[in-house]
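# Descriptive analysis of the structure
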4 protein chains.
Amino acid sequence: MMLRVGVNGYGTIGKRVADALAAQPDMTVSGVAKTTPNFEATAAHRRGYAVHAIDDAAAFAAADVPVAGDLDDLVAASDVVIDCTPAGIGAQNREIYEAHDTPALYQGGEDADVADASFNARANYDEIANGDAEHVRVVSCNTTGLSRVLTPLDEVYGVEKTRATLVRRGGDPSQSDRGPINDILPDPVTVPSHHGPDVNTVLPDLAVDTMGVTVPATLMHLHSVNVTLESDADADAVRETLADESRVFVVPEHARVAGPGHLKELAKDAGRPRGDLWENCVWGASIAVEGRDLYFFQAIHQESDVVPENVDAVRAIAGDADAAESVVRTNRALGVGR
Amino acid sequence: MMLRVGVNGYGTIGKRVADALAAQPDMTVSGVAKTTPNFEATAAHRRGYAVHAIDDAAAFAAADVPVAGDLDDLVAASDVVIDCTPAGIGAQNREIYEAHDTPALYQGGEDADVADASFNARANYDEIANGDAEHVRVVSCNTTGLSRVLTPLDEVYGVEKTRATLVRRGGDPSQSDRGPINDILPDPVTVPSHHGPDVNTVLPDLAVDTMGVTVPATLMHLHSVNVTLESDADADAVRETLADESRVFVVPEHARVAGPGHLKELAKDAGRPRGDLWENCVWGASIAVEGRDLYFFQAIHQESDVVPENVDAVRAIAGDADAAESVVRTNRALGVGR
Amino acid sequence: MMLRVGVNGYGTIGKRVADALAAQPDMTVSGVAKTTPNFEATAAHRRGYAVHAIDDAAAFAAADVPVAGDLDDLVAASDVVIDCTPAGIGAQNREIYEAHDTPALYQGGEDADVADASFNARANYDEIANGDAEHVRVVSCNTTGLSRVLTPLDEVYGVEKTRATLVRRGGDPSQSDRGPINDILPDPVTVPSHHGPDVNTVLPDLAVDTMGVTVPATLMHLHSVNVTLESDADADAVRETLADESRVFVVPEHARVAGPGHLKELAKDAGRPRGDLWENCVWGASIAVEGRDLYFFQAIHQESDVVPENVDAVRAIAGDADAAESVVRTNRALGVGR
Amino acid sequence: MMLRVGVNGYGTIGKRVADALAAQPDMTVSGVAKTTPNFEATAAHRRGYAVHAIDDAAAFAAADVPVAGDLDDLVAASDVVIDCTPAGIGAQNREIYEAHDTPALYQGGEDADVADASFNARANYDEIANGDAEHVRVVSCNTTGLSRVLTPLDEVYGVEKTRATLVRRGGDPSQSDRGPINDILPDPVTVPSHHGPDVNTVLPDLAVDTMGVTVPATLMHLHSVNVTLESDADADAVRETLADESRVFVVPEHARVAGPGHLKELAKDAGRPRGDLWENCVWGASIAVEGRDLYFFQAIHQESDVVPENVDAVRAIAGDADAAESVVRTNRALGVGR
Ligand SMILES: NC(=O)c1ccc[n+]([C@@H]2O[C@H](COP(=O)([O-])OP(=O)(O)OC[C@H]3O[C@@H](n4cnc5c(N)ncnc54)[C@H](O)[C@@H]3O)[C@@H](O)[C@H]2O)c1
Ligand SMILES: NC(=O)c1ccc[n+]([C@@H]2O[C@H](COP(=O)([O-])OP(=O)(O)OC[C@H]3O[C@@H](n4cnc5c(N)ncnc54)[C@H](O)[C@@H]3O)[C@@H](O)[C@H]2O)c1
Ligand SMILES: NC(=O)c1ccc[n+]([C@@H]2O[C@H](COP(=O)([O-])OP(=O)(O)OC[C@H]3O[C@@H](n4cnc5c(N)ncnc54)[C@H](O)[C@@H]3O)[C@@H](O)[C@H]2O)c1
Ligand SMILES: NC(=O)c1ccc[n+]([C@@H]2O[C@H](COP(=O)([O-])OP(=O)(O)OC[C@H]3O[C@@H](n4cnc5c(N)ncnc54)[C@H](O)[C@@H]3O)[C@@H](O)[C@H]2O)c1
C-alpha cells in the first residue's frame, strides 16, 4: 500500500521533497499546502499536486490555482506530514499534526526540541526506525553534509576531533532580498558555532568544533574540514572510504571543477531536475593527510542534500524498510549517485 | 531525410544547441568538437554525442572520453556546422568550413563580417531563406532580445526611436573567473554602444540607441527599454501585441516575480532543461505608455535565448521550411512558450 | 554669530552632515543624537560631538560613551535640527521639532509631505530662501544627482524630456544585511518609478521618466541618462556646460576610470574624508549627442552627494546667504570640486 | 640623515607605502615609478612625489603629469628601493637594483627566492637587522596576518599546531575586472595551501596547515583560525595576550562589528587615510578555548597590513633601529593602534 505523504510549505525544500516523494514507488503525495499563490503555486498545480491554501483561498483562485482544501484537509488526508515551512513555523504547527495524531517530519531550521528525535540516514536511521519517535527532525543541510562524511570516517578510522569552517551561501538563488552584498561575515561571531552541537543530535559522541562564515554567493555551501583521526590513514584510503558512500561524490581531478559554479553546471549537464546535487561533493584533489590530520573541501547543495534524507525519514518512522533498503530505494528513484 | 548538423565548441551555447538539434524531428547531431576533456566532455559523451577532440585526443582518452575524430572529421560528417567557439575563434574557423564547402552558422560574439548575413528568426528569416548566404551569424543574446520585441512593435505601431539600457550580467553562472565583484561598470563607456548597430544587422532601418552597463550578477541580462512609437498606443494593447509573440513571455503580476532569480526558479519549477528560458521575459506590470513613449523591463537569458534561433537558422540556410513553419517546429520540439 | 545645528540620527548621512557642518565657518554642531552605542557612537564622541542618547543612556555609558542628554536636550540646544534618521522616522519626529519651534531639515527617504518644501541647492535654493518654509526636505541622492545636471541643461538648451535608468546599489558598504546577492531587480517593477516625480518636487515643470534597477553593489549608483533637448547642441558644448558646474565632475578620458571602484579609489587618493565624492561624476567619454538626443553616464555617491546640500539648506532656511554665496562657502569648507 | 627611499610600482601597495614613508621622521620619498598615467599618477603628482615613467614618458606628459625621470633615475636617487610591482615583476627587477648596488624590498606576491630573506616585524626583525641580506621580501598580507598572532601565542603558550582557513577577498575594491561573481572557490584546491609554508619563511619551526577559499568580496580577508596550544590557557588570557600586541586590534563586543564592512566604516569614522586598517582585527567575542584548542576569527585588510612592515623592513636592512624602536616609530608616525 502506498504511503500518503503531505507537504506543508512549498518553497525551496518543500517543492523538492514533493517531487522526491512522487518519484518513490511506495509513496504518493497527498497534497501540498502553501501560503502565497505565486508562480510556485502555479507550478505545483501544473505538476499535479493538490494545492491546499493555508490562508487566503480566494487569492489562489484569482491566480488560477484551484484549491483542494486547507491545511486541516491536507493533514487529514495524509499518513505522514513533512513540514517544510520557514524556520520556527514548524514548531507552531506541531500541535496541528498532533491534533490529527499524524506523524510529522520537521526541517533543520527548527530547534532540535521541535521533535522527539533528529535524523540523518547515514548516522542514525536504525535508531529512529527502532524507536518510537513520531515527530522527527531531519537535520539541516550543513549538519547533513557533515554527518555523511564523519560517520564513515569514524567507523573506519575513528574520529578524535573534527574542526570545520562552514563558508555559507548568503541566500538561495531565488531569495532576492538576502545579503550580504560585499562582505565576509563571521556568522555567528561566537565560536564554536551551533553546527557542531547540531551534529551531536545525530552523532552524540563526536567531538566537532565548527565556525560559520557567511558570504555573498547563492549556489552551495563550502566546508573546509579538518578531522584528526584516531588511527593512521593515507589520502588514497580516505578517498576510497568516501567514494564508497552512495551520497558522497568524490570529484575527479580530470573534471576540472573549480567550485560550486562548475558543480551546478555539471548537474545541469547530467539532466538533474533543477540542477540538484543531492550528494556531498568532495574534491578528490583536496583530500590530504598530515600525520593523523585529514583535510578536505566539500561543497554542499543546501537546496537539495536533505531531500533524500526526508524520504528515508518517512520510511524510518513508518517502519517500512531498514536503512540499507530505504537508501537504495530512494537513491534509485531519484538518481542519487549516478 | 535528416539534416546532419555538427557543433564545434561545446560550452554554454554549444551544449544547448546540440540538445536543441537532437530534439528536432528533422535534424540529427553528427557530433560535437571540444578542446578540453573536462566534465562537459564527459557529459557530451554520456548524452550520446560523438565527441571530436580539437587538439589533444590523448587527454580525452585519459579522462575516459572516447574520441570520434578530429574537427575535420566532424565537418566532413556534417551538412551544416554550427560554430559555438569563443568570440573571435569562429572567424578563424571559417576557412575550415569553406575548405569542406560546408555551410556554417556563427554566434553573436563574432563581428558581423564573419558571415555573409546576420540572422534573427523574427526579424529576417525569409530574407536569409530566400538569399544565398551559406555563412550566417546568429546575432547575440542581447540583440536577439531586442529584435524579438522591436519587430512586432514596428509592425503594429511603427518605431520612431528606441533607447535601451542593457544591464548585463558579468559572466555566466559557470564562469568562475569573471567579474566585477562590487562594481557597476559603464561598458562600454562610450555611447551609444555597439548593440544598436548590431540590431541594424537584422533590422537595418530601425533607429535604436543603446547604453551598456555590466554588474556582478550571472543569471540574466535586464533591459530597461524605451520605445517612442509612431502611433498612439495604450499599455494594454502593447501587452497583447507582445503576448502574441511565441518567444516573448509576459510575466503576469500574480506570479510575483521580482527578478531573474525568480524567473530561473520558475523555469526550474517548470522542469525546463538546465532551467533555460528561451523567451524574452517582459514584466507585464512594467509596460507603460506616456504619450507615444512606451517603457518596459525585459530579462534575457543569455545562455539560451539564441538556441531556438540557431535551430531556425539551420532550416533557413538549408531551405527546408519557411519562417512560420520552422518557428512552430522548433518551439514544439523544445517546449518554447509553454 | 554661529548657527547651532543639531543632528538627529548619526548613521551614513548623519555622520557626514555633522562633519560638514563642523567644517563651516558659520556653523557649529550643537550635538548628535543616536539610538545605539555601537562603534559609530564611540567615533562621534572621539570627534568631539556631544552625544545624546535617544533611548537607553545606560547602554551608552556601558560602552564608554558619555551622554550629553536626550533628544529634547539636543533640540533645545539647536537653532536648526537636521533629521538623519531612517526613512519614515523623520515624519514621526516632526512634532518634536515643532514642539520646540525649531526649524528642521529632513532627508530624501521621507515622503515629500513630511516637509513644507523640498530642496536642492542648484534647483531651488532661492525659492526656499525667499519662502517661509521652516520644515524642508533635502531630496534623495538620486534626485539630487538628476537635479544637478538637468537644471543647467534646461537653462542652456531647454529640456524637452528626460529618460533615465537608475542602476542602484543594493546597500551602503556598511550595511551587511542588504541584498540582492546575485540578481538584477527591476525596482520598482512599475514604470515610471517615483524618482521622476521626486525631481518634480524641486523642478516642477520638467518632463522626466525614470526606471529603477537594483544590483549587488555598494559603492555608487550609476545613471544611464537620455535627455531630449529643445535646441541643438553638440557633445563638446554639453561637456563644457556640465564642467562649469561646481558639483559636477567630468571624468577625463586620460584618468582611465572604469567605474565606481576607480572613482572611490580616486577620492581616497585625493585624501577625501571617508573617500567621499560629493559631486556627480559624469564620464566625459560617454557624453554623446544624436540629433537632439543627449546621452551620458553619471555615477552618484549615495552616501555623500546630499551632504553639501544639507549645509546649503541650513543657510537657506536661516536666511544667511544667497545661493551663490552659500554654495561657494560650502564647497570651499569641504573641498568640493577640488 | 634622512634615508632616501624610492617606490617602484605605484598601485594598491605602492601608494600606501609611499605615504607611510613620507610620514616617517627619518625617511624621505625619493620618487615613485609608474607604468600608466592614469588617475593614480595624477594623484601621486598632486601629493608631491617625483613621478618616474617606466615606459612611455610622453603619455604622462599628455595626461599633465610631469615626469621626473625613468626607473634608473629613481634607483640612482635612492638609498633603498621598495618594489611594489605586480607579482612576478619584482623578480625581473632585481637585476636593475643590483646593477645600482641598491638594497631592495619586495612584496609577498613574489616567490620567497626573489630575495635573500623574508621579513615580518613581529616574527624576525632582529634576524634581518643582524644579518646581511640586502634583498628582502616582506611577506604577503595573509602571512603577515598569521605571523602577528602566532608569534606571541608561541611565545606565551607554545603552538603545537595551527590550522587556518583563509577566506580571501576575490580582488581589491578598485580591481573592477576580478571575480568570482557568485561562487565560493577552493583556492587552491590542493591542501594544505602555500600559505603555511610561507609563514615558515619567517617562523621556520611552526606547524601550520592552511586552506584557501576565494569569495566575491573586496574589503578584507577573513581568517578562521584554530591553534592547538602546548599549554593550557583560557580565553581571557589569550585575549589579553593579543590585546597587548600593538598591531592587533581586539574588536570589543559593544562595538557591534558584524564584519569587514563595519570594520572599514570604523576606520573611516576614525579618519584613517583611505580607511586603512593596518592591524589584524580579532573579534573578541570569537576567542574561545576548548581544551588546548584555541579558536578565533580575524579580518585582515589586504591593502594595508603590510604597509608598516615595509617601513620597518627599511630600517632593518638600513640598520637604523632595533625592532622595538622601529615599530614604535612606525606606529606613532602612522597612527597604528590608535
Ligand atoms: N533553503 C535551504 O537552504 C534549507 C536547507 C535545509 C533546510 N532548510 C530548512 O527547511 C525549512 C524550509 O526552508 P525553505 O528554504 O524551503 O523556505 P522557503 O521560504 O523557501 O519555503 C517556505 C515555504 O513555506 C511557506 N510558508 C510561509 N509561512 C508559512 C506558514 N505559516 N505555514 C505554511 N507555509 C508557510 C512559504 O510560502 C514557502 O512556500 C526551514 O526550516 C529551513 O531552515 C532550508
Ligand atoms: N554565453 C553567452 O551568454 C552567449 C550568449 C550568446 C552568444 N554567445 C556567443 O556564443 C559563442 C560561444 O560562447 P560560449 O559562452 O558558449 O563560450 P564558452 O566558453 O562557454 O564555450 C566555448 C567552447 O569552445 C571551446 N573552444 C575553445 N577554443 C576553441 C577552439 N579554438 N576551437 C573549438 N572550440 C574551442 C571551449 O572549450 C568551449 O567548450 C561566442 O561567440 C559568444 O559570444 C554567448
Ligand atoms: N544612505 C544613503 O544612501 C542615503 C542617501 C540619501 C538620503 N538618505 C536618507 O537619509 C536618511 C538616513 O539614512 P542613512 O542611510 O543615514 O541611515 P542609517 O541607517 O545609516 O542611519 C540612521 C541613523 O539613525 C539612527 N536611528 C534609528 N532609529 C532612530 C530613531 N528612532 N531616532 C533617531 N535615530 C534613529 C540609527 O541608529 C542610525 O544611526 C534616510 O531618510 C535615507 O533615506 C540615505
Ligand atoms: N593588493 C593586495 O592585496 C596585496 C597585499 C599584499 C601584497 N601584495 C603584493 O604587492 C605587490 C603589488 O601588488 P598591488 O596589489 O599593489 O598591485 P597593483 O596592480 O595595485 O599595483 C602595481 C603597480 O605596478 C605598476 N606596474 C605594472 N607593471 C609594472 C612594471 N613592469 N614595472 C613597474 N611597475 C609596474 C602598475 O601600474 C601598478 O601601479 C604584489 O607582489 C602583490 O602580490 C598585494
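The structure contained in this document is the topic of the report that follows. (Residues numbered from 1 in each chain as written. Chains lettered and ligands numbered in written order. Predicted model: local features only at pLDDT ≥ 70, side-chain atom pairs only at ≥ 80, totals over all residues. Heavy atoms only, no water.)

With that settled, the discussion passes to the state of the cysteines. Here is the idea: a disulfide is a covalent bond, and it sits between the sulfur atoms of two cysteines. What the rule picks out here adds up to 0 disulfides over all chains. Left unpaired, Cys84(A) is separated from the closest cysteine sulfur, that of Cys141(A), by 13 Å. For Cys84(A), a relative accessible area of 10% gives the class buried. Looking at Cys281(D), it has no disulfide partner, and the nearest cysteine sulfur is the one in Cys141(D), 13 Å off. What makes Cys281(D) buried here is its relative accessible area of 0%. (Disulfide = S-S within 2.5 Å. Buried < 20%, exposed > 50% of the residue type's maximum accessible area, 1.4 Å probe, protein only.)

What follows concerns the packing of helix α11 (residues 307-318) of chain B against helix α12 (residues 323-334) of chain B. Residue and element names in this part refer to chain B. Two elements in contact, α11 and α12, have axes whose closest approach is 9 Å; the angle formed by their N-to-C orientations is 135 degrees. Classed by the angle they form, the pair α11 and α12 counts as oblique. Crossing hand, α11 versus α12: right-handed. Across the interface between the two elements, Pro308, Val311, Asp312 and Arg315 of α11 pack against Ser326, Val327, Arg329, Thr330 and Leu334 of α12. Residues belonging to the contact of α11 with α12 are distributed by class as follows: 4 nonpolar, 2 polar and 3 charged. (Axes fitted to C-alpha atoms, helices over the stretch in contact; angles between N-to-C directions. Helix = DSSP H or I, 4+ residues; strand = E, 2+ residues; numbered from the N terminus. Parallel < 35°, antiparallel > 145°, perpendicular 65-115°, else oblique. Left-handed = near helix turned anticlockwise from the far one by under 90°. Contact = heavy atoms within 4.5 Å. Nonpolar A, V, L, I, M, F, W, Y, C, P; charged D, E, K, R; others polar.)

Attention now goes to the site of ligand 3. All names here are of chain C. Lining the immediate surroundings of ligand 3 are 20 residues, of which Thr12, Ile13, Thr35, Ile54 and Asp172 lie closest. Taking tyrosine 10, its main chain carries an N or O atom lying 3.1 Å from an oxygen atom of ligand 3. Notes on ligand 3: free accessible area 830 Å², of which the protein chains cover 80%. Each residue belonging to the shell around ligand 3 can be placed in one class, and the counts come to 8 nonpolar, 9 polar and 3 charged. (Near = heavy atom within 4 Å. Polar contact = N/O pair within 3.5 Å; in protein donor to acceptor, adjacent residues only side chain to side chain. Areas by Shrake-Rupley, 256 points an atom, 1.4 Å probe, with all protein chains shown as cover.)

Turning to the relation of the copies chain C and chain D, a few remarks are in order. Placing chain C over chain D gives an RMSD of 0.0 Å and needs a rotation angle of 180 degrees, together with 0.0 Å of translation along the axis. Put plainly, the chains are arranged around a two-fold axis. A symmetric contact is evident, with 100% of the interface residues of chain C recurring at the interface of chain D. (Least-squares fit on C-alpha atoms with pLDDT ≥ 70 in both.)

Moving on: the interface of chain C and chain B. For interface size, the figure often reported is the accessible area lost on association. Contacts between the two partners involve 45 residues from chain C and, on the opposite side, 45 residues from chain B. Together, the buried faces of chain C and chain B total about 3400 Å²; carbon and sulfur atoms form 64% of this surface. At the surface where chain C touches chain B, the tally comes to 4 salt bridges. Between Asp293(C) and Arg163(B) there is a salt bridge whose closest N-O contact spans 3.0 Å. It is strand β8 (residues 159-169) of chain C that contributes the most residues to the side of chain C that touches chain B, 6 residues altogether. Looking at the side of chain C that touches chain B residue by residue, the class counts come to 26 nonpolar, 11 polar and 8 charged. (Buried area = accessible area lost by both parts, 1.4 Å probe. Salt bridge = Lys/Arg side-chain N within 4 Å of Asp/Glu carboxyl O.)

Residues and elements named next belong to chain B. In the vicinity of ligand 2 lie 20 residues, with Thr12, Ile13, Thr35, Ile54 and Asp172 positioned nearest. One of the side-chain nitrogen or oxygen atoms of threonine 35 is found 2.7 Å away from an oxygen atom of ligand 2. Considered on its own, ligand 2 offers 810 Å² of accessible surface; in the complex 80% of this is hidden by protein. The residue makeup of the shell around ligand 2, split by class, is 8 nonpolar, 9 polar and 3 charged.

Turning to a negative patch on the surface, a few remarks are in order. Residues and elements named next belong to chain A. A cluster of acidic residues, Asp234, Asp236, Glu240 and Asp244, forms a negative patch on the protein surface. Its location among the elements puts aspartate 234 in the loop between β11 (221-229) and α9 (235-243). Overall, the relative accessible area of 44% leaves aspartate 234 in the partly exposed class. (Patch = residues over 30% accessible without salt bridge, like charges linked within 9 Å, V, L, I, M, F, W, Y side chains within 5 Å. Lys, Arg positive; Asp, Glu negative; His and termini not counted. Charge placed at Lys NZ, Arg CZ, Asp CG, Glu CD.)

Our focus in this paragraph is the pattern of salt bridges. Under the defined criterion, the tally for this structure stands at 116 salt bridges over all chains. A salt bridge links Asp19(B) to Arg274(B); the nearest nitrogen and oxygen atoms lie 3.0 Å apart. In this pair, Asp19(B) is assigned in helix α1 (residues 12-22) and Arg274(B) in the loop between α10 (260-269) and β13 (280-283), connecting sequence segments 255 residues apart. Across this residue pair, the class does not change: Asp19(B) and Arg274(B) are buried. Asp276(C) is paired through a salt bridge with Arg16(C); the nearest N and O atoms lie 3.0 Å apart. In this pair, Asp276(C) is assigned in the loop between α10 (260-269) and β13 (280-283) and Arg16(C) in helix α1 (residues 12-22), connecting sequence segments 260 residues apart. The pair Asp276(C) / Arg16(C) is uniform in exposure class, with both members buried.

Turning to the interface of chain C and chain D, a few remarks are in order. Each partner contributes residues to the interface: chain C has 29 residues there, and chain D has 29 residues. A combined buried area of about 2700 Å² lies between chain C and chain D, and 50% of that area is made up of carbon and sulfur atoms. Looking only at chain C, the three residues that lose the most surface to chain D are Phe39(C), Lys268(C) and Asp269(C), adding up to 26% of its buried area. Connecting chain C to chain D are 6 salt bridges. With its nearest N and O atoms 3.0 Å apart, the salt bridge here joins Asp269(D) to Lys15(C). Counting across the chain C and chain D interface gives 14 residue pairs in polar contact (both at pLDDT 80 or more). Within the residue set of the side of chain C that touches chain D, elements represented by two or more residues are α1, α2 (39-46) and α10 of chain C.

All names here are of chain D. The alternating pattern of strand β13 (residues 280-283) places Asn280 and Val282 on one face and Cys281 and Trp283 on the opposite face, and all of these are buried. Alignment of strand β12 (residues 248-251) against β13, held across 4 bridges, turns out to be parallel. Across the sheet, valine 250 pairs through a bridge with valine 282, a residue of β13. Taken together, β12, helix α10 (residues 260-269) and β13 constitute a β-α-β crossover, and its handedness is right-handed. With 2 bridges connecting them, β13 and strand β15 (residues 293-300) associate as antiparallel partners. Counterpart to cysteine 281 in the pairing with β15 is alanine 299. (Pairing = 2+ DSSP bridges. Right-handed = clockwise from strand over helix to strand, strands pointing away.)

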